[in-house]
Amino acid sequence: MTPSERAPRRYGFEFVDGSALFQQLEGTFYKYFNRRQYRRASPALGEKVSAELSWGDRQQTVDIYDLSVGGASFFVPDDLAEKFDLDMSVELTIRVPKTEHTLVHSAIVRHMTRESRGLRVGVSMKVVADSGNKRRVRKAVTAYSDYLQVRIAEMDRYNSAYN
């Protein structure tokens, strides 16, 4: 397939044994690999998506930088940065924007990047299915998926208008 001027092309590579590849890489090379399974979305301009982050006996409200079905990243204050390690388990409760729904996720810290705004922490996550009424959880999952689809479509439209 040849590139078209009308449509942007997205190319990807699949590594058959990804874990073996990442074991061979130095940590500095991780930033060149998007290891997410799902497309990510950023909150809209002027929109704030918050979550409650819990680990051990600690809890902190964080602002979401980007999110997907299976992951999210957020900034933590400098005074908490040393409390995070790769592969540590946390709980992330996300308020689904423009709804009354919240979703509880079990999450694992997958990367940490020092930026001017502080430490950006990236997690992989799964919905905790028994975190409440099953019907309410299903509705929240649907609302979250709908939000992500709308944001990804908006981002695609913006990118196609300026590329």
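The shown structure was predicted, so the numbers you read here are calculated from the model rather than taken from an experiment.

What counts and what doesn't
- Residues numbered from 1 in each chain as written.
- Predicted model: local features only at pLDDT ≥ 70, side-chain atom pairs only at ≥ 80, totals over all residues.
- Heavy atoms only, no water.
- Patch = residues over 30% accessible without salt bridge, like charges linked within 9 Å, V, L, I, M, F, W, Y side chains within 5 Å.
- Areas by Shrake-Rupley, 256 points an atom, 1.4 Å probe, with all protein chains shown as cover.
- Salt bridge = Lys/Arg side-chain N within 4 Å of Asp/Glu carboxyl O.
- Lys, Arg positive; Asp, Glu negative; His and termini not counted.
- Charge placed at Lys NZ, Arg CZ, Asp CG, Glu CD.
- Helix = DSSP H or I, 4+ residues; strand = E, 2+ residues; numbered from the N terminus.
- pLDDT = per-residue confidence, 0-100.
- Core = buried A, V, L, I, M, F, W, Y, C linked by side-chain atoms within 4.5 Å.
- Buried < 20%, exposed > 50% of the residue type's maximum accessible area, 1.4 Å probe, protein only.
- Pairing = 2+ DSSP bridges.
- Axes fitted to C-alpha atoms, helices over the stretch in contact; angles between N-to-C directions.
- Phe/Tyr/Trp six-rings, centres within 6.5 Å; stacked < 30°, edge-to-face > 60°.
- Polar contact = N/O pair within 3.5 Å; in protein donor to acceptor, adjacent residues only side chain to side chain.
- Contact = heavy atoms within 4.5 Å.

Student: Looking at this model, I keep getting lost on a positive patch on the surface. Mind explaining?
Tutor: Taken together, the side chains of Lys 134, Arg 135, Arg 136, Arg 138 and Lys 139 present a region of like positive charge at the surface. Within the secondary structure, Lys 134 sits in helix α2 (residues 134-162).

Student: Quick question: what am I supposed to make of the confidence of the model for the protein here?
Tutor: Caution applies to low-pLDDT regions: their predicted coordinates should not be interpreted in detail. Scored by pLDDT, the protein has a mean of 84; 80% of the residues are at 70 or more. Per-element confidence in the protein is highest for strand β4 (residues 89-95), whose mean pLDDT is 96, and lowest for helix α1 (residues 18-24), whose mean pLDDT is 67.

Student: Sorry if this is basic, but what is going on with the nonpolar core here?
Tutor: A general feature of soluble globular proteins is that nonpolar side chains tend to end up buried together. The biggest cluster of nonpolar side chains holds 32 residues, and the ones touching the most others in it are Leu 53, Phe 74, Phe 84, Val 90, Leu 92 and Val 123. For this core, the secondary-structure elements that each account for two or more residues are β1 (50-55), β2 (58-68), β3 (71-76), β4, β5 (102-115), β6 (118-127) and α2. Here the element with the most residues in this core is α2; it accounts for 6 residues.

Student: It is not clear to me how the pattern of salt bridges should be interpreted in this structure. Could you clarify?
Tutor: Oppositely charged side chains may form a pair once their charged atoms are brought near each other. Under the defined criterion, the tally for this structure stands at 8 salt bridges. Across the pair Asp 156 and Arg 39 runs a salt bridge whose closest N-O atoms are separated by 2.8 Å. Here the residue Asp 156 occupies a position in helix α2, and Arg 39 occupies one in the loop between α1 and β1, the gap between them amounting to 117 residues. The exposure class of Arg 39 is partly exposed, given its relative accessible area of 39%. In this structure, Arg 95 engages Glu 52 in a salt bridge whose closest nitrogen and oxygen atoms are separated by 3.0 Å. Of this pair, Arg 95 sits in strand β4 while Glu 52 sits in strand β1, placing them 43 residues apart in sequence. Residue Arg 95 is classed as partly exposed on the basis of its relative accessible area of 38%.

Student: In this structure, what is going on with the sheet that holds β6? I would like to understand it.
Tutor: Two strands in a sheet stick together by hydrogen bonds in their backbones, pointing the same way (parallel) or opposite ways (antiparallel). Here 6 strands make up a closed barrel; going around it, the order is β1-β2-β3-β6-β5-β4 and the pairing antiparallel. Geometrically, the sheet is characterised by an average inter-axis angle of 45° between neighbouring strands, direction not taken into account. Across 4 bridges, β1 lies against β4 in antiparallel orientation. Bridge assignment links Ser 54 to a residue of β4, and that residue is Glu 91.

Student: Explain the packing of aromatic side chains here, please?
Tutor: For any pair of aromatic rings, the description consists of the separation of the ring centres together with the inter-plane angle of the planes. For the structure shown, the criterion picks out 2 aromatic pairs. When the centroid spacing of 4.9 Å and the interplanar angle of 45° are considered together, the rings of Trp 55 and Phe 84 count as tilted. Of this pair, Trp 55 sits in strand β1 while Phe 84 sits in the loop between β3 and β4; the two residues are 29 residues apart in sequence, bridging distant segments of the chain. By relative accessible area, which is 3% here, Phe 84 ends up buried.

Student: Could you clarify how one ought to interpret the side chain of Arg 120 in this entry?
Tutor: Mapped onto the fold, Arg 120 is located in strand β6. Judged by its relative accessible area of 14%, Arg 120 falls in the buried class. Only 2.9 Å separates the side chain of Arg 120 from the side chain of Glu 115, close enough to count as a polar contact. Those residues in contact with Arg 120 that lie beyond four places of it in its chain are Tyr 65, Asp 66, Ser 73, Phe 74, Phe 75, His 111, Met 112, Thr 113 and Glu 115.

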